[in-house]
Structures are given as structure tokens and as C-alpha cells.
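Single-letter residue listing:
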Amino acid sequence: MDTVTISAAEVNKLRQQTGAGMMDCRKALVESNGDFENAIDYLRKKGQKVAANRSDREAKEGVVIAKASADNKYGIVVTLSSETDFVAKNQEFVDFAQRVADIALESKVTSIDDLKSAKMDNATVGEKLMEMVAKIGEKLDIARFEQVNADAVVPYIHSGYRIGVLVGMNQAANDSIITAGKDVAMQIAAMKPLGVDADSIAPEMIAREKAIAIEQIIAEGKAADMAEKIAAGKLNKFFKENTLLPQAFVKDNSKSVADYLTSVSKGLTVLSFQRVAVGA
């Protein structure tokens, strides 16, 4: 079998993504034939502390705008990307992104292509975007578009337009529901949950986490027949840390997010959410 050649740049990239040591990263890439996802799994199986959620890698600059309709039943989040942080902080660029988000909200588009085709002044959003490209001299694009429909949709923008969150809840909006939605949105921005609860996690991700847990347990010297039971406990911990409702509430870690919502209004819960970050 041919030996895979791993470059220093690839090793460094994996190190930046995982925080593992250089030699560990090189070995992981060699053992995984240069496949980054498999290399990350290899590191985790060997006991390395690697984040389960790697979807938030920031590769580009830009701004994220989140908005909701006047009745708080519909919301959108849009990312307008740029090449540099200098442009992303330019007020004209931010104002343009706000206008694009307003058009997305008012026209209820369902895709980036539809948004680019929507009317903006005497042209389309896509044409106006090209005018901005010519004016600024950087590649600009609508990199992400998401929407949420619910009884109450609460938007939140975090960290200088770098993260936008939409929270969809199951009770009609009022002051206390909107306040709760903002609290939960801040939780989502900070803690990056993978889903609302265990039921919202893809089966393939659950299977992957279970397989990694079993290998870790066996590597620790535990009997194979016990690994399955111990892995179930590890999975429960994974769900508690990585899904929204069972997470410890950041404003009061004596209760879960689910407990907090119940304290605001009986039966109140989150149906869905969108978290969008610059570069993700």
C-alpha cells in the first residue's frame, strides 16, 4: 500500500481545528489516509478532547442579520459575506445587508436564488450586489439564508453582527415570551447546540458518537460486554451538553433551558432554531 504524503500545512490545519498536538495530528492524518473527518474521529477515539460540533469554522468575513415580522410569527437570518474584516465593519456594507434582510423578510423568499431575484429599487438584489462588488472591489455574496415559522419567532444578533439566531417557540408572542426567546437565543449563540433535543439529532451522528464512545471505553480496559451500557451513559451526557433543552441555562445553571422555559409559561418550549455565524 502506498504511503500517504501529509504536508505540514495539512497537519497545521488539523491542529488549528482540533487543538491536538502536531505529532498526534500527523499520525491521525496518516492513519486516515489524509481524510480530515476520519482524522478527527481517530483523535477522539484516542482520547483527544476534540469538539463534537465543527460546523462553525470561520473562513470568511461579513455580517449576519436576523429579523422577525411585526407579529413575530416569521423570521429570517441572512449572511452577507466579504473578503475582509475592514469591509464587514463598513457602515455602508452593514446598511446594505440590513436592506437585503428587510427584502427577504417582506417578500418571504425561500432560497438565496429567490432573494437575489427579488426587487430592490429599480433593479434586483443580485444586480445591486454586483454594483457593491464593483464599488468596493471585493467579492461579496449572500452566503447563507435561513427562515423559521412558529407561534413566536425571536431574532437575536450577537457579537457585532457575527452571529445571528432565530428561535421558534410554541406560544404566541408577548413581552415575557419574547424576553425568554432572547435569553434562549443568547444561550444558542454561546453554547452552539446541535439541535433542540435528542430527537432532533441525526441518527448517523448518534451512531458515530456511540461508536467513538465504545472504542474509548474498550481502550480504557473495560470489558466489551460492559461497553454498550457505559456508552449509553456517555450518549446521555452528549445529549445534555450538545442539545438545547437539557443544557444548563447559562443565566442560572441550577436549571436546564427546559426548566427555565416552563418557569416563564407552562408548556413553553422551543420548536426549532437557526444559528448562523460568519464563515459557517
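Description of the structure in this document. Source: prediction; values computed, not measured.

Reading guide: rules and limits
Residues numbered from 1 in each chain as written. Predicted model: local features only at pLDDT ≥ 70, side-chain atom pairs only at ≥ 80, totals over all residues. Heavy atoms only, no water. Pairing = 2+ DSSP bridges. Helix = DSSP H or I, 4+ residues; strand = E, 2+ residues; numbered from the N terminus. Axes fitted to C-alpha atoms, helices over the stretch in contact; angles between N-to-C directions. Buried < 20%, exposed > 50% of the residue type's maximum accessible area, 1.4 Å probe, protein only. Polar contact = N/O pair within 3.5 Å; in protein donor to acceptor, adjacent residues only side chain to side chain. Contact = heavy atoms within 4.5 Å. Salt bridge = Lys/Arg side-chain N within 4 Å of Asp/Glu carboxyl O.

1. A short note on the sheet that holds strand E7 (residues 163-169)
Two strands in a sheet stick together by hydrogen bonds in their backbones, pointing the same way (parallel) or opposite ways (antiparallel). With respect to topology, three strands assemble into an open sheet ordered E6-E7-E10, the strand pairing being antiparallel. In this open sheet, the two strands that pair with only one neighbour each are strand E6 (152-158) and strand E10 (270-277). Across this sheet, the average inter-strand angle for adjacent strands is 10 degrees, counted without regard to direction. Pairing of E6 with E7, which is carried by seven bridges, proceeds in the antiparallel orientation. Bridge assignment links Val154 to a residue of E7, and that residue is Val167.

2. Describing the side chain of Thr243
With respect to the element layout, Thr243 can be found in the loop between helix H10 (224-242) and strand E8 (248-249). According to the relative accessible area criterion, Thr243 is buried, its value standing at 0%. A distance of 2.5 Å separates a polar side-chain atom of Thr243 from the backbone oxygen of Phe239. For Thr243, the contacting residues outside a window of four places in its chain are Pro193, Gly195, Val196, Asp197, Ala198, Ile201 and Phe238.

3. What to know about the pattern of salt bridges
Considering all chains together, one arrives at 16 salt bridges under this definition. Between Asp121 and Arg99 there is a salt bridge whose closest N-O contact spans 2.9 Å. Within this pair, whereas Asp121 is found in the loop between strand E3 (119-120) and strand E4 (123-124), its partner Arg99 is found in helix H5 (residues 91-107), the two being separated by 22 residues in sequence. Lys128 is the salt-bridge partner of Glu131, the closest N and O atoms lying 3.7 Å from each other. Of this pair, Glu131 and Lys128 both sit in helix H7 (residues 125-136), three residues apart, which is roughly one turn of that helix.

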